[in-house]
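Remarks on the overall topology
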Amino acid sequence: MSTQPEGRFVSRATRETLALVMAGGRGARLKQLTANTAKPAVPFGGKFRIIDFTLSNCINSGVRRVGVLTQYKSHALIRHLQMGWGFMRGQFGEFVELLPAEQRSEGTSWYTGTADAVYQNIPFIRQHQPAHVLILAGDHIYKMDYGPMIAQHVANNAKVTVGCLEVPLNDATEFGVMTVDGSNRVVAFAEKPKDPQPMPGKPDVALASMGIYVFDARFLLDTLSKDAGVSESSHDFGHDIIPRAIAESDVFAYPFRDLYDPSRQGYWRDVGTVDAFWKANLELTDVLPELNLYDDRWPIWTHAAQLPPAKFILDKPEARGCAIDSMVSAGCIIAGAEVRNSVLFNNTRVETGSLIAQSVVLPGVTIGRNCRINKAVIDEGCVIPDNTEIGDGTRGNASWYHVTRSGVTLVTPEMLED
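Reference entry: report on the structure contained in this document. Because the structure is predicted, anything quoted here is derived from the model rather than measured. (Residues numbered from 1 in each chain as written. Predicted model: local features only at pLDDT ≥ 70, side-chain atom pairs only at ≥ 80, totals over all residues. Heavy atoms only, no water.)

**Quick notes on the overall build of the chain**
The condition that has to hold: Runs of H or I in DSSP of at least four residues are treated as helices and runs of E of at least two as strands, each being numbered from the N terminus. Note that the radius of gyration is over C-alpha atoms, with the globule rule given as 2.2 Å times the number of residues to the power 0.38. It only takes one pair of heavy atoms within 4.5 Å for two residues to be counted as in contact. Only the protein chains shown count as cover for residues, and all accessible areas are computed by the Shrake-Rupley method using a 1.4 Å probe. Neither His nor the chain ends is counted toward charge; the positive residues are Lys and Arg and the negative residues Asp and Glu. All charge positions are set by atom: Lys at NZ, Arg at CZ, Asp at CG, Glu at CD.
Secondary structure summary: the chain contains 10 helices and 31 strands in total. By the compact-globule yardstick of 22 Å for 418 residues, the chain fits well, its C-alpha radius of gyration being 23 Å. Seen through its C-alpha atoms, the chain measures out along the principal axes to roughly 70 × 50 × 45 Å. Nonlocal contacts in the chain, meaning residues at least 24 apart in sequence, comprise 60% of its contacts between residues at least 6 apart. For the chain, the exposed area adds up to about 19,500 Å²; of that, 48% sits on carbon and sulfur atoms. Distance between charge centroids for the chain: 3 Å, based on 40 positive and 47 negative side chains.

Set out below in structure tokens:
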């Protein structure tokens, strides 16, 4: 469609949609940050968790029937969803429902792929009888109105619609790359190709899948049932389901645009590595960040702990509590210390004489006196001893902590144990 769908048409389409959020991934590229929890439950942006962005997109878009598929070390994720996402009105058919992986009697494995995860939850889909099923990843940071995408899917009479964004050709090897015709019909799809196909007229750019799919519900159920019987299938949407759908049915691409300026591509980040996680958090401290967390037209929902305001104490030349170009969350105490260009999550305490710069400090961290921390990610619950130096190529850091290729130092409680 060349124009925005009419509002009533969009609202009817979203009411007929069931969303399934894939939240069972380990996120191994985040190293020790996901040693004890799934990637969607990792804190982000001072007070949120990664999955909050996908779920908030659903609620703000009017998609209020949501199933969250969990698997890997899901306790923290389940607890967060129970505490922060239980406000839906069940009497109106609204819900955010947990769908833990189950070992079925006919098999010995958990989910074997993204398509298999949805296939194993077919009874849940049939129970709610949606016209459309929206498949989402729970581990990306972005703001997107799914309503126009679903409406375009209906208007095109499509079997599948794929959310997509333009990426540099050199980065496209990490994505599923689509080739489209003049009406945005997908004519070819390659999952993580070694030689990506550029967009027409844009030789340095490829059209990449965001891992967001709208399916005709009946088509999805039929396709998943057929795929389950194919022994050589990897039971994955990118590898198996989407290429087969393109060959047999009508599949369209939906370009991802900014919420308020359709002429621009929307903000989207895969925070799947320590470097990307660190960078995306620090981008929030910019004067005008691309991701606006202060946008009351598109709020990000989460579980808000009942905590006192942040406090900055002591005002002496050698010990002044202050934060500059930083985000400091509730419950934090900066006691005669200096914080620069950093993000401090809830209940962090920084003691006298310490300097925190270009760092992401997750909840419940205590940083002792006279510490120097630069270009680091400090995991939840760390207690940093007095006079500790972390980052900036400090001698010995690579032996004790995890240091990325770009020089970001990751510190976890286990690394601090003697």
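**Side note on the packing of helix α2 (residues 51-61) against helix α3 (residues 75-84)**
This is how it is decided: Whenever a helix is involved, its axis is fitted only over the stretch in contact; in every case the axis is a line through C-alpha atoms, and angles between N-to-C directions fall within 0 to 180 degrees. Crossings are assigned a handedness: left-handed for a near helix turned anticlockwise from the far helix by less than a right angle, right-handed for a clockwise turn. Polarity classes work like this: nonpolar for Ala, Val, Leu, Ile, Met, Phe, Trp, Tyr, Cys and Pro, charged for Asp, Glu, Lys and Arg, and polar for all others, with Gly in that last group.
Relative orientation of the contacting elements α2 and α3 amounts to 40°, with a least axis distance of 12 Å. Crossing geometry of α2 relative to α3 is assigned as right-handed. Here I51, D52 and L55 of α2 come into contact with α3, specifically with L77, H80 and L81. Grouping the constituent residues of the contact of α2 with α3 by class yields 4 nonpolar, 1 polar and 1 charged.

**Focus on the sheet that holds strand β27 (residues 376-378)**
So the rule is basically this: A pair of strands is labelled paired if DSSP reports no fewer than 2 bridges between them.
Judged by pairing direction, the sheet is mixed, and its 6 strands sit side by side in the order β18-β21-β24-β27-β31-β30 without closing on themselves. Bordering the open sheet on either side are β18 (327-328) and β30 (402-403), each of which pairs with just one other strand. Sheet topology places β18 next to strand β21 (residues 343-344); 2 bridges connect them, and they run parallel. Looking across to β21, one finds that V328 is bridged to L344.

**Some thoughts on the sheet that holds strand β23 (residues 355-357)**
Strand order in the open sheet formed by 5 strands is β17-β20-β23-β26-β29, and the pairing between neighbours is parallel. Strands with a single pairing partner mark the edges of an open sheet, and in this sheet they are β17 (322-324) and β29 (389-390). The pairing of β17 with strand β20 (residues 338-340) spans 3 bridges and is classified as parallel. Considered in β20, the bridge of I324 is made with R340.

**Brief notes about the packing of aromatic side chains**
The condition that has to hold: Working definition: rings of Phe, Tyr and Trp (its six-membered ring) pair if their centres are within 6.5 Å, and the pair is stacked with planes under 30 degrees apart, edge-to-face with planes over 60 apart, and tilted otherwise. For every residue, the accessible area (1.4 Å probe, protein chains only) is compared with the maximum for its type, and the residue is labelled buried under 20%, exposed over 50%, or partly exposed between those bounds. Charge over a ring is defined by NZ of Lys or CZ of Arg lying within 6 Å of the ring centre and within 35 degrees of the ring normal.
Counted according to the given criterion, the structure contains 12 aromatic pairs. Judged by centre distance (5.5 Å) and plane angle (35°), the ring pair of W85 and F87 falls under tilted. With a centroid separation of 6.2 Å and 75° between ring planes, the pair formed by W400 and Y401 is classed as edge-to-face. With relative accessibility at 53%, the residue W400 sits in the exposed group. Site record: aromatic cluster; members linked through ring pairs are F44, F48, F53 and F277. One residue, R297, lies across the ring of Y260, its end atom 3.8 Å from the ring centre.

**Looking at the side chain of H132**
Within the element layout of this structure, H132 appears in strand β6 (residues 132-137). We classify H132 as buried; its relative accessible area is 9%.

**Topic: the environment of R340**
Tracing the chain through its elements places R340 in strand β20. You can call R340 partly exposed: its relative accessible area is 38%. When neighbours within four sequence positions are excluded, R340 is seen to be in contact with I324, S326, I356, A357 and Q358.

**Here we look at helix α9 (residues 274-283)**
The buried count for α9 comes to 7 of 10 residues, which makes it a mostly enclosed element. Among all positions in α9, only V274, F277, W278, A280, N281, L282 and E283 are buried. Tucked inside the fold, the buried residues of α9 contact β2 (43-44), β13 (268-270), β21, β24 (360-361), β27 and β31 (409-411).

**So, the nonpolar core**
Put simply, the rule is: Residues grouped as a nonpolar core are buried Ala, Val, Leu, Ile, Met, Phe, Trp, Tyr and Cys residues, joined through side-chain atoms within 4.5 Å.
Among the nonpolar cores identified, the biggest contains 40 residues, and L20, V118, I135, F215 and F237 are the most heavily contacted of them. Among residues more than four places away in sequence, those in contact with L20 are G67, L69, L99, V118, F124, I125, V133, L134, I135 and L136. Of all hydrophobic cores here, the second largest spans 37 residues; its members include A13, L81, A172 and V177.

**Some remarks on the environment of D240**
Let me state the cut-off plainly: Here a polar contact means two N or O atoms within 3.5 Å. Within protein one must be a hydrogen donor candidate and the other an acceptor candidate, and residues neighboring in sequence count only if both atoms are side-chain atoms.
Among the structural elements, D240 can be located in helix α8 (residues 237-248). Setting aside anything within four residues of it in sequence, one finds D240 in contact with D227, S233, S234 and H235. At 3.5 Å, the side chain of D240 and the side chain of S233 are in polar contact. Among the polar contacts listed, one links the side chain of D240 to the backbone nitrogen of H235, at a separation of 3.0 Å.

What is shown is where atoms sit, not what they do.
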